[in-house]
Amino acid sequence: MTKKFYADTDSINSLRLMIFIGFTVCVLSLYLLFLWLHKTYPDYFRIDITTMPEVIIIAAIVLLTIIYVVIAGIILPKWFDTARYAVSFEEISAETGVIIRSNRRMMMSAVQYITSLRFLRFNAVMIHASGGRMIIPFLSDADTEEFIKKAENLLSNRGGL
């Protein structure tokens, strides 16, 4: 019997917070650079026209804002909506992606051991097999436990692990 798992929606808020903090630090740094340039070179920035450093800093802030909106507002929610994981007696599968869809499968017969990683709201299960490794990210605490138990039960039934 195949058991399906999905990415935990609470993790997206933690990721958005981390991205927002990084975005804010970058924009604040650019703004402080802007102020420092005006203070250090007052004669150069006294010109009534917009100078090249000002244009570069403003363009960088606009570009960072666009990147932030696209990643935090479009790509992350779509990725979390499309992430699907499944465990069956024959295989473990992971389907992810927004623009480019990735479908990875690992045969249960190849699995050697399973590791769970937990950091704040970010849980992941690493499945180690002969010849490779598969990472199942962003599972909830309950799904992480259930995923590991399901995989261990299936591995025990085949005589491994």
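Residues numbered from 1 in each chain as written. Predicted model: local features only at pLDDT ≥ 70, side-chain atom pairs only at ≥ 80, totals over all residues. Heavy atoms only, no water.

All right, on to a nonpolar patch on the surface then. Side chains of I58, V62, L63, I66, I67, V70, I71, I74, I75, V98, I99 and I100 sit close together on the surface and give an oily, nonpolar patch of about 1100 Å² of accessible area. Structurally, I66 can be placed in helix α2 (residues 52-82). (Patch = residues over 30% accessible without salt bridge, like charges linked within 9 Å, V, L, I, M, F, W, Y side chains within 5 Å. Areas by Shrake-Rupley, 256 points an atom, 1.4 Å probe, with all protein chains shown as cover. Salt bridge = Lys/Arg side-chain N within 4 Å of Asp/Glu carboxyl O. Helix = DSSP H or I, 4+ residues; strand = E, 2+ residues; numbered from the N terminus.)

The next thing to look at is the sheet that holds strand β7 (residues 132-137). Backbone-to-backbone hydrogen bonds join strands into a sheet, with any given pair of strands oriented parallel or antiparallel. The strand order across the open sheet built from three strands is β5-β6-β7, with neighbouring strands paired in antiparallel fashion. The open sheet has two edge strands with one neighbour each: β5 (111-119) and β7. Pairs of neighbouring strands in the sheet enclose a mean axial angle of 15°, with direction left out of account. (Pairing = 2+ DSSP bridges. Axes fitted to C-alpha atoms, helices over the stretch in contact; angles between N-to-C directions.)

Below, the discussion takes up the sheet that holds strand β4 (residues 102-107). The strand order across the open sheet built from four strands is β1-β2-β3-β4, with neighbouring strands paired in antiparallel fashion. Strand pairing shows two members of the sheet lacking a second neighbour, β1 (3-6) and β4, which therefore form its edges. Adjacent strand axes in the sheet meet at a mean angle of 15°, parallel and antiparallel pairs treated alike. When β1 meets strand β2 (residues 84-87), the two strands line up antiparallel, connected through four bridges.

So, about α2. The terminal C-alpha atoms of α2 lie 43 Å apart, and with 31 residues this matches the ideal 45 Å at 1.5 Å per residue to within 8%. Where α2 bends most, at I75, the angle is about 35°, and the proline P77 comes one to four residues later. Residues of α2 that are buried: E54, I57, A72, L76, P77, W79, F80 and T82. On the buried face of α2, the contacting elements are α1 (9-40), β2, β3 (91-96) and β7. (Expected span 1.5 Å × (residues − 1). Bend = angle between axes of the 7 residues up to and from the residue. Buried < 20%, exposed > 50% of the residue type's maximum accessible area, 1.4 Å probe, protein only. Contact = heavy atoms within 4.5 Å.)

In the sheet, β5 pairs with strand β6 (residues 122-129) via eight bridges, with the strands oriented antiparallel. Within β6, the position partnered with F119 by the bridge is F122. Counting the residues between successive antiparallel strands, the hairpin from β5 to β6 contains two residues, one of them, L120, with a positive phi of roughly 50°.

Our focus in this paragraph is the side chain of H128. With respect to the secondary-structure elements, H128 resides in strand β6. Among the polar contacts listed, one links the side chain of H128 to the side chain of T115, at a separation of 3.4 Å. With near-sequence residues (within four places) excluded, H128 lies in contact with A110, V111, Q112, Y113, T115 and R133. (Polar contact = N/O pair within 3.5 Å; in protein donor to acceptor, adjacent residues only side chain to side chain.)

Here the focus is the pairing of β4. Pairing geometry for β3 and β4, over six bridges, is antiparallel. What sits directly across from E95, in β4, is N103. Here β3 folds back onto β4, and the loop between the two strands holds five residues, one of which, G97, carries a positive phi near 125°.

Bringing the packing of aromatic side chains into the picture now. As enumerated under the stated definition, the model contains eight aromatic pairs in all. Judged by centre distance (4.7 Å) and plane angle (15°), the rings of F23 and Y68 are stacked. Of this pair, F23 sits in helix α1 while Y68 sits in helix α2; the two residues are 45 residues apart in sequence, bridging distant segments of the chain. Summarising the aromatic geometry, the rings of W79 and F80 are spaced 5.4 Å apart at their centres and angled 75° between planes, so their arrangement reads as edge-to-face. (Phe/Tyr/Trp six-rings, centres within 6.5 Å; stacked < 30°, edge-to-face > 60°.)

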